[in-house]
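# Reading the structure
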Amino acid sequence: MTKNLLSRWVIFCLGLLMVLGLVGAPVLAEAAVDQLATASDLRHQAFQALRAGEFDRTNTLLARAAELNPDSATRQMANWAMQFENRRQEFASQRREQFEKAVADVRLLLDNGHPDFALESVARAYLLADDKDAFRAEKWVDDLIQREIVAARDYEARENWVRALWVYSALGSIEPANPQWKHLLKQTTRRIRMLALYAPDYLEGVQDHETAERDEVTRLLKPTTQPVDSTQPTADGQNDPTSLASQGKEQEDDTFRIDWRESLKDIKIRMLEDALHDTYQNYWRDVTYRDLLLGGLRDLEIFASTRGLETTFPLLGNESDRQTFVAGLQQLIDQLQSSTTDDAASVARVLGELEGLNARTLKLDEPVLVSEFADGAFGTLDPFSSIIWPTDLEEFQKTTQGEFSGVGIQIQTGEDGSLKVVSPLEDSPAYRAGIKAGDIITHIDGRSARGITLNQAVKTITGRSGTIVVLTIRSADNTSKDYSIVRQTIKMASVKGWQHLPGGGWDYFIDPQNRISYVRVTNFTKTTADDLAAAFKEMKAQHAQGVIMDLRYNPGGLLQSATEVVDRFINSGTIVSTRADRSTPNPPTIASAHEEGDELDLPVVVLVNQYSASASEIVSGALKDHKRALVIGERTFGKGSVQMLFPLSSRRAYLKLTTSHYYLPGGESIHRDENSQRWGVDPDVTIEMTPEQMRVAIEARQELDILRDADQSAADQSAAPTTRPDAVNLPVEDQAATRKDPLQSDPQLSAALLYLRLSVTEEAAYGGSDLARR
């Protein structure tokens, strides 16, 4: 007999005895009180399990509590927990299916002679594996990795940098803590960048075979993918001859032609000298002139040994001149390594001897010599320190003004040299077109974007409002499509609600019945704190009982904005501090909360993921440390460095230099260095999402973000893939029937809603909640 049945039997017997007059009512009342106390204890244990991410145990405990105390509140809590557990099992099943598909792809690719691409599938399977260490230790995985390591060395020996880059990129994903792959990937990427800048025709020839094999692999993995028939319309309704995605490399201007002379215009060696001195004095950690100079000289060694550059710099094809130049670089390296002094005089000496060596041998233009040396010198620092050269200055200033004309995407260069979409900006042309985080921009106006610099990409994609740019996008499923996008002035609204209301404004309530609200902060601008305060005021006026604040895909923004946001949640203590690891001219700073803070005074759950960076990490980390919010999701990006601008050569160029790091109230640094084992903000509850789940969730999110006209016809409303007009007043599960429901594809959001539902119900029904204030 189970404990619950036994309890019910005892209560029945006590009731019978009371009726017979053999026992008094107080005895029965006392038993009932004990039973209620047990149900309360079970709910308390359920909250503890929930905070530990033990969702199956939460479900079990609440089910038992509902059996002991079957009132409406406890039954509802148990029902929510059961719904989430069922959904969580579906999410887990999806993950296993995607893992098994990746492993099957490995077998298929190996059987058909594509081991490099098989390694890419191993990397995908590794990221989906429940036990990553166990998967990496499997013999067949290790055997393939060892073979591919040998293959990568062979590619380097044959100077097939594109193929070597593929392998090192996959190895870096499988063994993220191995610094060897990061180092080799950096060197390989540097060579491809040089070829893309100075010898794009040569690089195009190298890529031809690789592109053909990738197309063959795509057809193999997706048998339904057919070669494009030029007589049939493409997916976007255009015929093949006008489709940039299908033109391949047959157009004469297919390769992105970067005029390196224009790109490097007005670069002077004096700028480099100033930047080296500023770095020595202001960088966040100790740095020597020796290391900076060695980095620059070694980069020039890579330059001189990269086959293909002789097509632009003929003297590199003269073996005597090239060897003399390389020997001179080695002599300077030996002198630096054996020197016992490290002072400013060494900069003038080394750069002077370098200029003389160049004049006697390769006769490179000054901008080429200086820019390549600088790439190597500042490549020894963190990824966020670099020189903003004269031709890049205008574009850099655009990005700091908060308003520009373009398509509205944030981009970065991947470790493999590709141009990657970090995130489309909210309400931007790119966002409305369906471009997503993780997409690869392969072409811009029909020209290859492989190896393009970030500043060149920004210059090309942005432009006068009303003009059109065509981006060719390769999605996660390896399909490509052309997007013709009209540029417009981008003014970002950084605070969003659950769904757009017809005609404008936001509905903030993800769960109207339980008054649980949702707000998404897309980045931190000078108006974010005030906009968020206005949203909170509106929520409280509508009797909000809890708030989900979504910081996923938030790349950061202004430090002051982040501290102002945190200040609205807490009323004492440190928010964030900054300091260098050594004594510099830049003193430490501390931002503290004000007593009039905590305007919201409601339970809060914060969502983060691996794309939450910088200012969003400050907000989530501070709220977690102050136990003001529960943080759910995945470990954040780890961008916790502070950059300052130092003018060079009468402000014709600038050094962007990391001078300090952010530290959370608990003293932790969120920054990820090259060999870091810990970084970012670890959530209280970790819930991973697969790339496919992220894609589907983003699509569902986009439907809710569509702004529709207030006077839209009933027919148009019914045809629109969003909630029906009365769906806002329905339970959130019923809303799912009228549209794509993010909760069906987003385990992180579902968990946040479960937390707040249980918290709010516990508070309302029983007068106290473990989650209201952690």
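Residues numbered from 1 in each chain as written. Predicted model: local features only at pLDDT ≥ 70, side-chain atom pairs only at ≥ 80, totals over all residues. Heavy atoms only, no water.

## Some details on the overall build of the protein
Within the protein, the regular secondary structure consists of 26 helices and 22 strands. Buried residues in the protein amount to 52% of all 774 residues. Sequence-distant contacts, at least 24 apart, represent 71% of the contacts inside the protein between residues at least 6 apart. For the protein, the accessible area works out to roughly 34,100 Å², and carbon and sulfur atoms hold 50% of it. (Helix = DSSP H or I, 4+ residues; strand = E, 2+ residues; numbered from the N terminus. Buried < 20%, exposed > 50% of the residue type's maximum accessible area, 1.4 Å probe, protein only. Contact = heavy atoms within 4.5 Å. Areas by Shrake-Rupley, 256 points an atom, 1.4 Å probe, with all protein chains shown as cover.)

## As for the packing of aromatic side chains
In this structure the tally under the stated criterion is 15 aromatic pairs. Ring centres 5.9 Å apart and planes at 80° place the aromatic pair Phe 135 and Trp 140 in the edge-to-face group. Each of the two residues, Phe 135 as well as Trp 140, counts as buried. Look at Tyr 198 and Phe 303: their rings are 5.8 Å apart centre to centre, the planes differ by 90°, and that puts the pair in the edge-to-face class. Of this pair, Tyr 198 sits in helix α9 (residues 179-198) while Phe 303 sits in helix α13 (residues 289-304), placing them 105 residues apart in sequence. (Phe/Tyr/Trp six-rings, centres within 6.5 Å; stacked < 30°, edge-to-face > 60°.)

## What about the pairing of strand β19 (residues 630-633)?
Of the two faces of β19, both are covered, the one formed by Leu 630 and Ile 632 as well as the one formed by Val 631 and Gly 633. In the sheet, strand β18 (residues 604-608) pairs with β19 via four bridges, with the strands oriented parallel. Each bridged residue has a counterpart across the sheet, and for Val 605 the counterpart in β19 is Leu 630. Summarising the sheet, β19 and strand β22 (residues 685-686) pair through two bridges and their orientation is parallel. When the sheet's bridge partners are listed, Ile 632 is paired in β22 with Val 685. (Pairing = 2+ DSSP bridges.)

## Describing the side chain of Arg 193
As for its placement among the helices and strands, Arg 193 is situated in helix α9. At a separation of 2.9 Å, a polar atom in the side chain of Arg 193 contacts the side chain of Glu 372. Those residues in contact with Arg 193 that lie beyond four places of it in its chain are Glu 372, Asp 375 and Gly 451. (Polar contact = N/O pair within 3.5 Å; in protein donor to acceptor, adjacent residues only side chain to side chain.)

## Remarks on unusual backbone geometry
Positive phi values are uncommon outside glycine, yet Ser 649 reaches one of about 50°. Mapping Ser 649 onto the fold places it in the loop between β20 (641-648) and β21 (653-663). The residue Ser 650 is not glycine, and still its phi comes out positive at about 60°. Within the secondary structure, Ser 650 sits in the loop between β20 and β21. Overall, Ser 650 belongs to the exposed group, its relative accessible area being 72%.

## Some words on the pattern of salt bridges
Where charged atoms of side chains with opposite charge meet at close range, the side chains can pair. A full pass over the atoms with the stated rule returns 31 salt bridges. For Glu 85, the salt bridge identified is with Arg 88, shortest N-O distance 2.9 Å. Of this pair, Glu 85 and Arg 88 both sit in helix α4 (residues 72-111), three residues apart, which is roughly one turn of that helix. Note on Arg 88: relative accessible area 26%, which makes it partly exposed. For the salt bridge of Arg 193 with Asp 375, the shortest nitrogen-to-oxygen distance reads 3.2 Å. Linking Arg 193 in helix α9 with Asp 375 in helix α16 (residues 366-378), this pair joins segments that are 182 residues apart in sequence. Through salt bridges with shared partners, a single ionic network connects Lys 436, Glu 692, Arg 695 and Glu 699. (Salt bridge = Lys/Arg side-chain N within 4 Å of Asp/Glu carboxyl O.)

## Describing the packing of α4 against helix α7 (residues 139-157)
Where α4 meets α7, the axes come as close as 13 Å, and the angle between the chain directions of the two elements is 50°. It follows from the interaxial angle that α4 and α7 lie oblique. Handedness of the crossing formed by α4 with α7: left-handed. Contacts from Val 103, Val 106, Arg 107 and Leu 110 in α4 reach Trp 140, Leu 144 and Arg 147 in α7. Looking at the contact of α4 with α7 residue by residue, the class counts come to five nonpolar, no polar and two charged. (Axes fitted to C-alpha atoms, helices over the stretch in contact; angles between N-to-C directions. Parallel < 35°, antiparallel > 145°, perpendicular 65-115°, else oblique. Left-handed = near helix turned anticlockwise from the far one by under 90°. Nonpolar A, V, L, I, M, F, W, Y, C, P; charged D, E, K, R; others polar.)

## Considerations on the side chain of Thr 636
In this structure, Thr 636 sits in the loop between β19 and β20. The buried category is assigned to Thr 636, whose relative accessible area is 1%. A distance of 2.7 Å separates the side chain of Thr 636 from the side chain of Glu 617, its partner in a polar contact. Among residues more than four places away in sequence, those in contact with Thr 636 are Val 608, Asn 609, Gln 610, Ser 612, Glu 617, Trp 679, Gly 680 and Val 681.

## What to know about the nonpolar core
The biggest cluster of nonpolar side chains holds 94 residues, and the ones touching the most others in it are Tyr 198 and Phe 378. The biggest single contributor to this core is helix α8 (residues 161-174), with 10 residues. Residues within four places of Phe 378 in sequence aside, it is in contact with Leu 272, Ala 275, Leu 276, Thr 279, Ser 385, Ile 387 and Leu 655. (Core = buried A, V, L, I, M, F, W, Y, C linked by side-chain atoms within 4.5 Å.)

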